[in-house]
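# Coordinates in review
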There are 2 protein chains.
Amino acid sequence: MEVVETIEQIRKIISKAKSAGKKIGFVPTMGALHQGHLSLIEAAKKQSDFVVVSIFVNPTQFGPGEDIAKYPRPFDADTEACKNSGVDVVFAPTVEQMYPGKNITWVNVEKLSEPLCGKSRPGHFRGVATVCAKLFNIVRPDFAFFGQKDAQQVIVIQRMVADLNMPLEIVVCPTIREKDGLAMSSRNKYLNTAQRKDAVLLYAALQEAELFIAAGEHKSSLLKSQMEKILKISKQIKIEYISIVDARTLEAIDEIKGKVLIALAVKLGAARLIDNIVLDVE
Amino acid sequence: MEVVETIEQIRKIISKAKSAGKKIGFVPTMGALHQGHLSLIEAAKKQSDFVVVSIFVNPTQFGPGEDIAKYPRPFDADTEACKNSGVDVVFAPTVEQMYPGKNITWVNVEKLSEPLCGKSRPGHFRGVATVCAKLFNIVRPDFAFFGQKDAQQVIVIQRMVADLNMPLEIVVCPTIREKDGLAMSSRNKYLNTAQRKDAVLLYAALQEAELFIAAGEHKSSLLKSQMEKILKISKQIKIEYISIVDARTLEAIDEIKGKVLIALAVKLGAARLIDNIVLDVE
């Protein structure tokens with residue numbers, strides 16, 4: 001497995017693989033790889049002939065006061081994990097490679113970038129869309145793999161690809177969870193033992209909503225207050241949002257019907273954690 | 001020569017050409033082809049193996065009250081001209097093909113989109129950048145050809161390609177002029193005989209500036225007032241701007257030095273006309 005740092009190097013490797021008729025599978029990451037990432041790599045291995053993983057902590061998707069400085073960067077463990085997973089090449093550019101000057105070109109997916117996480121993280125999805133556009137143009141994948149865990153990111157990227165006619169397919173893979181239900185995240189590392197214990201409440205709240213819906217309760221307001229109760233079992237959890245929205249438009253809905261995204265974000269100690277479920281309700 | 005309307009069709013044709021190892025040259029146009037466009041096609045023929053011309057009057061680059069409805073669309077003459085010029089395929093999508101729903105994804109090149117034409121045409125360069133990103137993703141050219149006539153457009157597109165790492169090269173071709181110096185433009189059709197006569201003053205003003213600079217005059221304010229005098233020979237010309245800017249940053253400069261763009265825009269009857277020269281001054 002090769003690990004390359006420059007755009008020129010990765011372009012050469014990709015051109016060669018493409019010339020050999022290989023389908024390129026791409027897993028863009030910020031490193032700190034966990035089982036969730038490995039499941040994306042596994043899906044990429046199955047669906048393509050040549051798997052590229054990028055490791056890049058993208059500064060343009062972090063806001064002021066966010067955790068870019070302390071974001072975990074276990075580079076050797078990450079490349080080792082990629083190697084063991086059968087990745088063909090890791091693209092790990094420096095910030096200078098990706099943003100050699102001041103970046104003034106932005107890809108913005110209006111409306112979809114604004115609600116949910118967009119509210120507390122203005123500019124975040126513009127940064128995500130822009131860096132994904134850049135990475136897609138560099139790697140030129142046939143398929144790019146994203147986790148359902150970052151539901152809004154998936155929707156923003158899918159819409160960008162559709163609106164800009166990008167020649168690739170976005171493949172969405174299920175959220176991978178710890179045994180107790182906590183969604184895998186590089187930011188789980190920020191939790192101490194007590195916080196880690198409380199973190200199970202995120203998925204518990206989502207499951208509670210699912211149970212209520214299965215029992216016929218379709219009122220968003222009631223479901224949200226029920227979820228709130230569960231999260232409030234923890235004194236340490238600070239709720240950022242609990243949202244029930246149309247899974248395509250991300251517009252808030254009052255009555256559960258059709259494809260629905262139930263998403264939440266909380267602060268728990270030093271970590272900002274998100275989780276979600278998507279339901280198709282008749 | 002094929003003329004295709006759907007994205008699916010053009011993608012198939014491009015894939016086939018690429019599989020055959022052909023380099024793709026792309027000339028994006030809004031139709032109403034003139035000698036300027038034909039010079040781009042000629043350059044594309046020389047530099048690539050397979051030439052694609054798009055004809056698409058892009059609604060997202062027109063503002064309210066602009067001339068999208070009356071913009072000339074001599075489709076048969078255009079395709080005939082392409083055929084005679086050895087174009088391999090014309091891509092002439094409908095608006096529905098290019099914008100099947102409400103477009104919410106925008107590519108914006110900040111700063112470079114704002115001065116000069118950007119002032120009177122807010123959103124124009126965002127529309128240009130977005131449609132070019134779309135077309136580049138559809139046609140996947142090795143080279144795309146633009147005319148120096150649209151100087152700001154060239155700079156915006158070049159910066160977009162660099163910032164977003166788009167895998168193509170922008171080739172800039174010289175402005176093609178009528179015998180009397182008027183820059184070729186599809187909008188020259190809007191001029192009546194008297195206006196057409198006055199239109200020579202645009203290039204005359206630029207040439208005057210060039211003469212003054214050659215004679216050692218480097219003060220922008222003086223050069224601009226000299227150009228203004230020439231344009232004001234016509235009672236019908238309404239000056240929108242006369243700008244002397246750094247040719248890379250588009251920032252106004254007081255003293256001519258380095259690579260300088262001298263650009264102007266006027267209203268003349270029903271036409272809005274632009275022209276420019278680039279000088280490298282020691």
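Remember, predicted model here, so these are calculated numbers, not experimental data.

In this section: the overall build of chain A. Along the backbone of chain A there are ten helices and ten strands. Taking 19 Å as the expected radius of gyration for a compact globule of 282 residues, we find that chain A reaches 19 Å, a close match to that expectation. Each principal axis of the C-alpha atoms in chain A carries an extent, and together these give about 55 × 40 × 40 Å. For chain A, buried positions account for 42% of its 282 residues. Counting only contacts in chain A whose residues sit at least 6 apart along the sequence, the fraction spanning at least 24 positions is 69%.

Here the focus is the relation of the copies chain A and chain B. By a simple turn and slide, chain A fits onto chain B: the slide is 0.0 Å along the axis, the RMSD is 0.0 Å, and the turn is 180°. Taken together, the rotation and translation describe the operation of a two-fold axis. For chain A, the residue whose C-alpha comes nearest the rotation axis is Val107(A), separated from it by 2.3 Å. Mapped onto chain B, 100% of the interface residues of chain A are again interface residues, and the two copies thus contact each other with one and the same surface.

Further remarks concern the interface of chain A and chain B. The figure often quoted for interface size is the accessible area lost as the parts come together. Residue-level contacts link 23 residues of chain A with 23 residues of chain B. Listed by contribution, the elements that provide at least two residues to the side of chain A that touches chain B are strand S5 (105-109), helix H6 (124-139) and helix H7 (151-163) of chain A. Of all the elements, S5(A) adds the most residues to the side of chain A that touches chain B, at five residues. Here the side of chain A that touches chain B is composed, by residue class, of twelve nonpolar, five polar and six charged. Strand direction decides the pairing type here: S5(A) and strand S5 (residues 105-109) of chain B, joined by five bridges, are antiparallel. Note that in S5(B) the partner of Asn108(A) across the bridge is Trp106(B).

Turning next to the nonpolar core. Across soluble globular proteins, nonpolar side chains have a tendency to be buried as a group. Ranked by size, the top nonpolar core spans 161 residues in total, and within it Ala129(A), Val139(A), Leu202(A), Ala129(B), Val139(B) and Leu202(B) carry the most contacts. Each residue touching Leu202(B), except ones within four places of it in the same chain, is listed here: Leu182(B), Leu264(B), Val266(B), Leu273(B) and Asp275(B).

Residue and element names in this part refer to chain B. Pairing within the open sheet is parallel, and its six strands lie in the order S1-S4-S3-S2-S6-S7. In this open sheet, the two strands that pair with only one neighbour each are strand S1 (2-4) and strand S7 (169-173). Taking each pair of neighbouring strands and ignoring which way they run, the sheet shows an average axis angle of 25°. Taken together, the two bridges between strand S2 (residues 24-29) and strand S6 (residues 143-147) define a ladder with parallel strand orientation. If you follow Gly 25 over to S6, its bridge partner there is Phe 143.

Residue and element names in this part refer to chain B. With 13 residues, helix H1 (residues 7-19) should cover 18 Å at 1.5 Å per step; its first-to-last C-alpha distance of 18 Å lies within 8% of that length. Taken as a whole, H1 has its buried residues at Ile 10, Ile 14 and Ala 17. One face of H1 carries all of its buried residues, which in axial projection span an arc of 60°. Across H1 from its buried face, at more than 90 degrees, point the exposed residues Glu 8, Lys 12, Ser 15, Lys 16 and Ser 19. With its phi angle positive at about 80°, Gly 21 sits one or two positions after the end of H1.

In this section: unusual backbone geometry. Among all residues except glycine, the phi angle is most often negative; among peptide bonds, the trans geometry is most common. All names here are of chain B. The phi dihedral of Ala 32 falls on the positive side, at around 50°, and the residue is not glycine. In this structure, Ala 32 sits in the loop between S2 and helix H2 (35-47). The buried category is assigned to Ala 32, around which 20 C-beta atoms lie within 10 Å. Even without glycine at this site, Arg 140 takes up a positive phi of about 45°. If you trace the backbone, Arg 140 turns up in the loop between helix H6 (124-139) and S6. Under the C-beta neighbour-count criterion, Arg 140 is labelled buried, with 21 such atoms within 10 Å.

For the rest of this paragraph, the subject is the environment of Arg248(A). Within the secondary structure, Arg248(A) sits in the loop between strand S8 (237-246) and strand S9 (258-268). Between the alpha carbons of Arg248(A) and Ile155(A) there is a distance of 7.2 Å; along the sequence they are 93 residues apart.

This part takes up the packing of H6(A) against H7(A). Residue and element names in this part refer to chain A. Direction vectors running N to C along H6 and H7 enclose 50°, while the axes themselves pass 10 Å from each other. What the angle tells us is that H6 and H7 run oblique. Like other packed secondary-structure pairs, H6 and H7 cross with a definite hand, here right-handed. Taken together, the residues of H7 that come into contact with H6 (itself represented by Phe 125, Val 128, Ala 129, Cys 132 and Ala 133) are Gln 153, Val 156, Ile 157 and Met 160. Class assignment of the residues belonging to the contact of H6 with H7 gives a composition of eight nonpolar, one polar and no charged.

A few words on the domain arrangement of chain A. All names here are of chain A. For chain A, the assigned domains are domain 1 (2-173) and domain 2 (186-281). Summarising the inter-unit geometry, the C-alpha centres of domain 1 and domain 2 are found 26 Å apart. On the domain 2 side, the residues contacting the twelve residues of domain 1 number twelve residues. Of all the elements in the fold, those that place two or more residues in the side of domain 1 that touches domain 2 are helix H5 (117-120) and H7. Of all the elements, H7 adds the most residues to the side of domain 1 that touches domain 2, at three residues. Across the side of domain 1 that touches domain 2, the residue classes tally to nine nonpolar, three polar and no charged.

With that settled, the discussion passes to the environment of Val260(A). All names here are of chain A. Inspection of the secondary structure puts Val 260 in strand S9. Along the sequence, Val 260 and Phe 91 sit 169 residues apart, while their C-alpha atoms lie 35 Å from each other. Not counting chain neighbours up to four residues away, the residues in contact with Val 260 comprise Ile 244, Asp 246, Ala 247, Ile 253, Leu 279 and Val 281.

Moving on, we come to H6(B). In this model H6(B) runs 22 Å from its N-terminal to its C-terminal C-alpha over 16 residues, within 8% of the 22 Å that 1.5 Å per residue would give. Extensive coverage of H6(B) is indicated by the burial of 16 of its 16 residues.

Averaged over all residues, the pLDDT of chain A is 97; the fraction at 70 or higher stands at 100%. Predicted as a complex, the structure gets a pTM of 0.97 and an ipTM equal to 0.96.

What follows covers the pairing of strand S2 (residues 24-29) of chain A. Residues and elements named next belong to chain A. In terms of residue burial, S2 counts as a mostly covered element, since six of its six residues are buried. Across the two faces of S2 the burial is the same, with Ile 24, Phe 26 and Pro 28 and Gly 25, Val 27 and Thr 29 all buried. In this sheet, strand S3 (residues 50-55) lies alongside S2 in parallel orientation, the contact comprising six bridges. Along S3, the bridge assignment pairs Val 27 with Val 53. In the classification by handedness, the crossover that spans S2, the intervening helix H2 (residues 35-47) and the parallel S3 is right-handed.

What counts, and where the lines are drawn
Note on numbering: residues in each chain are counted from 1, in written sequence order. Starting at A for chains and at 1 for ligands, labels are handed out in the order in which the entities are written. Reporting of local features is limited, given that this is a predicted model, to residues whose pLDDT is at least 70; pairs of side-chain atoms are given and counted only at 80 or more, and all residues count toward the totals for whole chains, interfaces and linings. Here a helix means four or more residues in a row that DSSP labels H or I, a strand means two or more in a row labelled E, and each is numbered from the N terminus. Radius of gyration: C-alpha atoms only; globule rule: 2.2 Å multiplied by the number of residues to the exponent 0.38. Residue burial is a threshold on neighbouring C-beta atoms within 10 Å of the residue's own C-beta, all placed from the backbone, with 20 or more meaning buried, 12 or fewer meaning exposed, and counts in between meaning partly exposed. For every residue pair, C-beta atoms are placed from the backbone, and the pair is scored as a contact if these atoms sit within 7 Å. Alignment of copies: least-squares fit on C-alpha atoms of residues with pLDDT of at least 70 in both copies. Residues were grouped as follows: Ala, Val, Leu, Ile, Met, Phe, Trp, Tyr, Cys and Pro as nonpolar; Asp, Glu, Lys and Arg as charged; and all remaining residues, including Gly, as polar. For two strands to pair, DSSP has to find at least two bridges joining them. Linking buried Ala, Val, Leu, Ile, Met, Phe, Trp, Tyr and Cys residues through C-beta atoms within 7 Å yields a set, and such a set is a nonpolar core. As a rule, the C-alpha atoms of each element are fitted with a line to give its axis, helices using only the stretch in contact, and angles between N-to-C directions run from 0 to 180 degrees. Expected span, for any helix, means 1.5 Å times one less than how many residues it has. What the arc measures is the spread of directions leading from the helix axis to the C-beta atoms. When describing relative orientation, an angle under 35 degrees is termed roughly parallel and one over 145 degrees roughly antiparallel, while 65 to 115 degrees is termed roughly perpendicular and anything else oblique. Here a crossing is called left-handed whenever its near helix is offset anticlockwise from the far helix by less than a right angle, and right-handed whenever the offset is clockwise. Domain ranges listed in this record stem from an automatic or a database domain assignment. As a per-residue measure, pLDDT reflects the predictor's confidence and takes values from 0 up to 100. Note on handedness: a clockwise path from strand one over the helix to strand two, with the strands aimed away from the viewer, defines a right-handed crossover.

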